[in-house]
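Summary of the model geometry
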Amino acid sequence: MRFLQTDAAARLGEARKGFSRAALSAVYGHDAMAAADRGDYRALLRLAGDDRLGVWTRLFVVGVAVPRKAAEAAFAPFGVDEALACGLLCGGDELTAGWGAQFEGDRVLFSDQIPNTTGGRTRDHVLGVGGASNLLLDVTLRAALGSALDVGTGCGVQALALTGHAASVTATDLSDRALAFAELNAVVNGVDLELLQGDLLAPVAGRRFDLVVANPPFVIATPGSGWTYRDGGREADGLAAELAAASTSLLEAGGTMQFLANWLHRKDEDWSERVAGWFPEQEARVWAVEREVLDPLAYVRAWQRDSGDDDDAEQAAEWLDWFEANEVEGVGFGFISVRRIEGPTEVHCEEARHAVETPWSARVEDWFALRDKDLEPETLWPAKLRVADGAVLQQTAGIGGEGWEVDRQWLQQANGMRYAEEVDPLVVAFMGACDGEAEVRLQVQLLADMYGAEPAMLYAQLYPVIRRLVERGFLTLG
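Now for a look at the structure at hand. (Residues numbered from 1 in each chain as written. Predicted model: local features only at pLDDT ≥ 70, side-chain atom pairs only at ≥ 80, totals over all residues. Heavy atoms only, no water.)

A few points about the packing of aromatic side chains
In plain terms, the rule: Pairs were defined over the aromatic rings of Phe, Tyr and Trp, the Trp ring being its six-membered one, requiring ring centres within 6.5 Å. Orientation was assigned from the angle between planes: stacked under 30 degrees, edge-to-face over 60, tilted for the rest. Per the convention used, a helix needs a DSSP run of H or I reaching at least four residues, while a strand needs a run of E reaching at least two, with both numbered from the N terminus. Accessible area is worked out with a 1.4 Å probe on protein chains only. A residue is then buried under 20% of its type maximum, exposed over 50%, and partly exposed in between.
Tallied over the full model, the rule gives 25 aromatic pairs. Their ring planes at 45° and their centres at 5.3 Å tell us that F19 and W56 sit as a pair that is tilted. Separated by 37 residues along the polypeptide, F19 in the loop between α1 (6-15) and α2 (21-28) and W56 in helix α5 (residues 52-62) bring together distant segments of the chain. Judged by relative accessible area, which is 2%, F19 ranks as buried. A ring pair is formed by Y299 and F323, whose centres lie 5.9 Å apart and whose planes are at 85°; its orientation type is edge-to-face.

As for the pattern of salt bridges
Stated precisely, the cut-off is as follows: Between Lys or Arg on one side and Asp or Glu on the other, a salt bridge is scored when a side-chain nitrogen of the former is within 4 Å of a carboxyl oxygen of the latter.
Under the criterion given, the structure shown has 30 salt bridges. D237 serves as the salt-bridge partner of R274, at 2.8 Å between the closest nitrogen and oxygen. Here R274, found in helix α12 (residues 271-276), pairs with D237, found in the loop between β9 (209-214) and α11 (238-250); they are 37 residues apart in sequence, far enough to count as distant. With a relative accessible area of 5%, D237 lands in the buried category. R274 serves as the salt-bridge partner of E269, at 3.2 Å between the closest nitrogen and oxygen. According to the relative accessible area criterion, E269 is partly exposed, its value standing at 29%. The buried category is assigned to R274, whose relative accessible area is 17%.

Structural notes on the environment of G152
Tracing the chain through its elements places G152 in the loop between β6 (145-151) and α9 (157-162). A C-alpha to C-alpha distance of 10.0 Å links G152 and G232, two positions 80 residues apart in sequence.

What about unusual backbone geometry?
A cis amide bond links A76 to the next residue, P77, at an omega of 10°. Following the sequence through the fold, P77 ends up in the loop between α6 (68-75) and α7 (80-86). The step from T358 to P359 runs through a cis peptide bond, and the omega angle for that step is 5°. Its location among the elements puts P359 in the loop between β13 (346-351) and α15 (360-371). You will see that E327, though not glycine, has its phi angle at about 55°, which is positive. Looking at where E327 falls in the secondary structure, it is placed in the loop between α14 (313-325) and β12 (328-344).

Some thoughts on the side chain of S25
This is how it is decided: The contact rule is simple, with two residues in contact once any of their heavy atoms fall within 4.5 Å.
Structurally, S25 can be placed in helix α2. Exposure remark for S25: the relative accessible area of 12% places this residue in the buried category. Ignoring anything within four residues of it in the chain, the contact list for S25 reads H30 and M33.

A short note on the layout of surface pockets
Rules: Using only the protein atoms, space was sampled on a 1 Å grid; points where a 1.4 Å probe fits but cannot get out form cavities, open sets with protein on both sides within 12 Å along at least five of seven lines form pockets, and lining residues are those with an atom within 4 Å of a point. Grid points are joined across faces, edges and corners, and a volume is the space filled by probe spheres set on the points. Under this grouping Gly is polar, as are all residues other than the nonpolar Ala, Val, Leu, Ile, Met, Phe, Trp, Tyr, Cys and Pro and the charged Asp, Glu, Lys and Arg.
Looking at the second largest pocket, its volume works out to about 490 Å³. When contributions to the lining of the second largest pocket are tallied by element, the ones reaching two or more residues are α3 (30-37), α5 and β4 (100-104). Here the lining of the second largest pocket takes 4 residues from β4, the largest share from any one element. Counted by class, the lining of the second largest pocket contains 10 nonpolar, 6 polar and 3 charged residues.

Describing the sheet that holds strand β14 (residues 384-387)
Hydrogen bonds between backbone groups are what pair the strands of a sheet, and the pairing can be parallel or antiparallel. Note the threshold: Between any two strands, pairing holds if DSSP finds at least two bridges. Convention adopted: a line fitted to C-alpha atoms gives each axis, helices being fitted over their contacting stretch, and angles between N-to-C directions are expressed from 0 to 180 degrees.
In space, the 3 strands of this open sheet follow the order β18-β14-β19, with antiparallel pairing throughout. With one partner strand each, in any of the chains shown, β18 (435-439) and β19 (475-477) form the two edges of the open sheet. Between one strand axis and the next, the sheet turns through 35° on average, direction left out of account. Two elements, β14 and β18, share 2 bridges in a ladder whose sense is antiparallel. Paired with K384 across the two strands is E439, which belongs to β18.

A short note on α6
Rules: An arc is given here, and it is the one of the directions from the helix axis to the C-beta atoms.
Burial in α6 covers these residues: A70, A71, A74 and F75. Axial view of α6: buried residues confined to an arc of 120°, hence all on one face. Residues of α6 that are exposed and point more than 90 degrees away from the buried face comprise K69 and A73. For α6, the elements touching its buried residues are α1, α5, β1 (66-67), α7, β2 (89-91) and β3 (94-97).

Examining the sheet that holds strand β15 (residues 391-400)
Across the sheet, 3 strands lie side by side as β15-β16-β17; this open sheet has antiparallel pairing. Since the sheet does not close on itself, it has two edges, and those belong to β15 and β17 (420-422), each with one partner. Along the sheet, successive strands turn relative to each other by an average axial angle of 30°, direction set aside. Bridge count between strand β16 (residues 403-413) and β17: 3 bridges; the pairing is antiparallel. Bridged to W410 within β17 is E422.

What follows is the structure, given as structure tokens:
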């Protein structure tokens, strides 16, 4: 399937030049764009006229009709008849958008995501830029590399972004309509993609990449035939498990896979153990971050609203029955980053519901960098540690017999992951001397003298805490 031949797609690319977020802000003002982001289009309706930028804005940002004559001028050298034939525009004397056109950086991406519409989608609907795709864009590492793969590319959001730092980009999707949009968007934005059709990883069997990303159809247990853009056709959270199991076989040595996923919270089962069980026993270092959990009813209602099925009580009942029969108490959502390493697999799962300093890619980069360091006891013993910038000690105290008595102390980060970590007086005393000059062994000896303890025994007690504080960014190696 193809929406436009290459020459026509190139002419559409010419027509859309000048239609960008930066141009709209420059012409209509930041306040007008900020209001539009909240769904208040009054300023844009007042300011956007029948010139080229105004026509594109009214069609694809506001979502209102424009006169055909104005569209003919605004779309040249691409013809309005061509736009009507491929589905980009609809109507007669008054034309409306048949597709959506959204901004991602300096690019414009076409998709089925028409402005100001939700629900009521067809089963082959192709999403545009949304919350999940923006999260993956934020999470993805951006260092220069050779080859990258986007699994389940949709309209090409991730694939086009990958071309900014990967020498070659391959993208796959089961949907021929999705690949048609991805092909169109590649030409319109002047980039090259290798596009392959097939189910999940089948099109790239036997190949390896430096970076693999995926915003796959991860919705769990949808009754009926499902929706191509969101339902992976696997049992429960099996699609995420399939990606995880294939991770190391897809990656070059030192390569990284990053994907979004849902996972089950089942009765008497720790979600982290479930996720950890997906990965091969060798060659994977994994960071799985859970950003939110929904109970089954909230999950079903959210996805029914997404597809316009929120009045289908029978579908909701069938869906909820499946969750109940499988003892599911909640569904987690988050992202997983996998680095191919030598040696046995290491899986670290954590919940991060709080606000984190973005971009998330910097947090992922920091996380892997810290786990590449040698933090064994014999290495930290002579190390010089320093309290990280932005880390502060906070305390609460209550009135006691001798005045204020501290009853709780914790470390708090002002930046990075913004972790909070409760600590005891011994750790507080240790960190107080972490100025990047004193060796750990000297600090331990002084504390041993203070507490009347054996240095070796005290270090054995402190070491796991010190290592955790280094891995979580409260302490840095001098």
